[in-house]
Amino acid sequence: MAYDNLTLHTDKYQINMMYAHWFHGTLNDKAVFEAYFRKLPFGNGYAVFAGLQRIVEYIKELRFDEPMLAYLAEQEENYDPAFLEELRKLRFTGHLWSVPEGELVFPNEPLIRVEARVFEAQLIETALLNFLNYQTLIATKASRIRQVAGDDILLEFGTRRAQEADAAVWGARAAYLAGFDATSNLRAGMRFGIPTKGTHAHAWVQGHESEETAFERFAAALPDQVTLLVDTYDTLRSGIPNAIRTAKKMESQGKRMQGVRLDSGDLTYLSKTARQMLDEAGLSYVKITASNDLDENIIFNLKAQGAAIDSWGVGTQLITSADQPSLGGVYKLVARESGGEYVPVIKISGNPEKVTTPGLKETYRIVNRKSGKAEADYIALKHEDDMLKGEPLNLFDPVHPYLSKTVEDYEAQPLLKEIFRNGEQVYTLPGHEEIREYHRSRLGLFWPEYMRKLNPERYPIDLSPAAWELKMNLIKQHQKQ
Ligand SMILES: Nc1ncnc2c1ncn2[C@@H]1O[C@H](COP(=O)(O)OP(=O)(O)OP(=O)(O)O)[C@@H](O)[C@H]1O
Ligand SMILES: O=P(O)(O)OC[C@H]1O[C@H](OP(=O)(O)OP(=O)(O)O)[C@H](O)[C@@H]1O
Ligand SMILES: O=C(O)c1cccnc1
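Residues numbered from 1 in each chain as written. Chains lettered and ligands numbered in written order. Predicted model: local features only at pLDDT ≥ 70, side-chain atom pairs only at ≥ 80, totals over all residues.

This part is about the site of ligand 1. Around ligand 1, the structure places S264, G265, D266, L267, T268, N292, D293, L294, I298, N301, L302 and Q305. Elements represented by at least two residues in the shell around ligand 1 include exactly α12 (267–280) and α13 (296–304). Take the shell around ligand 1: its biggest share by element is three residues, from α13. Of the residues in the shell around ligand 1, the class split is four nonpolar, six polar and two charged. (Near = placed C-beta within 6 Å. Helix = DSSP H or I, 4+ residues; strand = E, 2+ residues; numbered from the N terminus. Nonpolar A, V, L, I, M, F, W, Y, C, P; charged D, E, K, R; others polar.)

Bringing the sheet that holds strand β19 (residues 417–421) into the picture now. Remark on secondary structure: sheet strands pair via backbone hydrogen bonds, oriented parallel or antiparallel. The seven strands lie next to each other as β13-β12-β1-β5-β3-β19-β20, forming an open sheet whose pairing is antiparallel. Two strands close off the open sheet at either side, each with one partner strand: β13 (341–344) and β20 (424–425). With six bridges connecting them, strand β1 (residues 30–36) and strand β12 (residues 330–338) associate as antiparallel partners. Paired with F33 across the strands is L333, a residue of β12. (Pairing = 2+ DSSP bridges.)

Our focus in this paragraph is the UniProt feature "domain: Nicotinate phosphoribosyltransferase N-terminal" (unreviewed entry) in the protein. Per the UniProt record, the feature "domain: Nicotinate phosphoribosyltransferase N-terminal" (unreviewed entry) sits at residues 8–133. For residues 8–133, the end-to-end C-alpha separation is 19 Å, with 44% helix and 17% strand making up the annotated structure. (UniProt positions renumbered as here; feature names shortened; annotations may be inferred.)

Another point: the UniProt feature "domain: Nicotinate/nicotinamide phosphoribosyltransferase" (unreviewed entry) in the protein. Taken from the UniProt record, the annotation "domain: Nicotinate/nicotinamide phosphoribosyltransferase" (unreviewed entry) applies to residues 155–354. Across residues 155–354 one finds 41% helix and 16% strand; the C-alpha atoms that close the span lie 38 Å apart.

Core analysis: the biggest nonpolar cluster contains 124 residues, and L128, I138, A142, A174, A175, W312 and Y378 have the highest contact counts within it. Counting residues per element, this core draws most heavily on helix α6 (residues 125–149), at 12 residues. No fewer than three residues from each of domain 1 (12–139 + 325–480) and domain 2 (152–320) sit in this core. Not counting chain neighbours up to four residues away, the residues in contact with Y378 comprise Y364, I366, M387, L393, L395, A412, D462 and S464. (Core = buried A, V, L, I, M, F, W, Y, C linked by C-beta atoms within 7 Å. Buried ≥ 20, exposed ≤ 12 C-beta atoms within 10 Å, placed from the backbone. Domains from an automatic or database assignment. Contact = placed C-beta atoms within 7 Å.)

Turning our attention to the domain arrangement of the protein. We note that the domain assignment places domain 1 (12–139 + 325–480) and domain 2 (152–320) within the protein. Centre-to-centre separation of domain 1 and domain 2, based on C-alpha positions: 40 Å. Each side of the interface is counted separately: domain 1 has 14 residues, and domain 2 has 15 residues. Elements with a contribution of two residues or more to the side of domain 1 that touches domain 2: α6 and α15 (432–443). Residue classes in the side of domain 1 that touches domain 2 are distributed as six nonpolar, four polar and four charged.

This paragraph deals with the pairing of β1. Along β1, six of the seven residues are buried, which leaves the element largely enclosed by surrounding structure. The sheet contact formed by β1 and strand β5 (residues 112–117) spans six bridges and is antiparallel. Residue pairing in the sheet places E34 in a bridge with R113 of β5.

If you check the shell around ligand 2, you find 13 residues, and the closest are F157, S291, D293, G315 and T316. Broken down by class, the residue content of the shell around ligand 2 amounts to three nonpolar, six polar and four charged.

All right, on to the pairing of β5 then. The element β5 is largely enclosed, with a buried count of six among its six residues. Sheet topology note: the strand β3 (residues 95–98)/β5 ladder contains four bridges and is antiparallel. Of the residues in β5, the one forming a bridge with W97 is R113.

Now for the environment of E212. Among the structural elements, E212 can be located in helix α10 (residues 211–221). The spatial distance from the C-alpha of E212 to the C-alpha of R245 is 8.1 Å, given a sequence separation of 33 residues. Excluding its chain neighbours within four sequence positions, the residues that come into contact with E212 are N242 and R245.

Over its 14 residues, helix α7 (residues 164–177) runs 20 Å from end to end, which matches the ideal 20 Å to within 8%, given 1.5 Å per residue. Among the 14 residues in α7, 11 count as buried, and that is most of the element. Taken as a whole, α7 has its buried residues at A167, A168, V169, W170, G171, A172, R173, A174, A175, Y176 and L177. Following α7 by one or two positions, G179 has its phi on the positive side, about 120 degrees. (Expected span 1.5 Å × (residues − 1).)

Listed below in structure tokens is the structure:
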């Protein structure tokens, strides 16, 4: 896939602010931004971070080419030609830290920290949030589906309903990272090395004189990957009996049919009856795949009803994140350079949840050494290191400070990894198998009450006393002003 240069994939207001910085000579002042979200999607107990690969590729390619510069000149006559020359030179020269893909993440903790010339840090906000918000949302939805599906096979079928091509391909990847087994999208397969799978459509059956002929011709053409769609006319009276006949013919040629697919009707009743018919015909190795507007709730119910389904094809509900179309990730300025030093900054809001937490911060996962389970995530200012020395740590809830506890025997795991240093990539992006494995291992770090799909317990996200005091002091200063 040719890689698009996405430098202009930004909001015009970013370029306007860059212009104003250039105009006033502050373009080289350093700024620190942090990306985070405030609310978990789907009422889930955690989110699954994804989007970093796309962000790294985007940042490495950041440059304004001639047609872009000509376009900007045309768009805004205020843009001085000398500003456009400055844009021509622009590359990412800053620092970027990020949580790794597949990590479990929670509200209000920094997921990405960008420390760069304000000129660069401001430009990348829009694309960075675009990638992070969509991919994290889909990975989280996929992780919910994986949680209910147990060890069953999960197939991503969403491309035809996705919000355009990029969403299909990056969504397929996000689903794979969070536990799907394969995608139907070959472009995603080729680009990322994700396994691909496919059955056939109703058109294949409709395009033949009879269902039986259609099945036989399909089996003859692709004998090693035969999953027959059995609901075109009548699943139990026609589809399954014809599939059984085809499977028997295949057996006589030394081949084994892989499966049948159910795509309508009562999937519990049909799957149980189909299973019985296949078993009675000696075809217990033939698997049953189901599709039809599935999501985690329907799969959960079908399994509770005892459906005999081995494999699930999930499209629309996953790739469009139908029950929640966006994750509200934000990118907020937390410090700016003044006189060669960083000055923490705050954004005050009438809504207490929207008041930002100032200063450069790290997030630590506090893991109890006895239980091996995560106790809380702890957001501290960058220079603090008590938690790394293993000193007793007082964890308190920043919204309800009277909720507190002390942990003693713990490991503090820093979640942010250094990705770019002075514009150079210093982090090797892990392969997709490694990310899947990482996601699985991180799930094991949490008590089940934080992981359940319905009404999970809230996992504690705590602020260090120093971070809390800094925030309170800045709020007071602003109140005085
Ligand atoms: N036993 C079941 N319990 C709960 N939900 C189910 C069960 N069986 C199927 N479903 C779901 O109910 C919905 C049925 O949708 P709909 O009525 O549009 O499908 P259909 O009429 O069976 O098939 P189609 O319209 O696609 O030919 C789907 O989302 C399907 O996954
Ligand atoms: O339902 P989804 O989760 O999106 O899964 C993908 C769907 O796409 C295909 O049919 P399509 O929707 O094109 O046609 P249909 O509605 O007539 O089955 C397939 O048969 C699935 O039903
Ligand atoms: O392979 C399939 O069965 C498939 C692929 C995409 C959409 N629906 C079904």
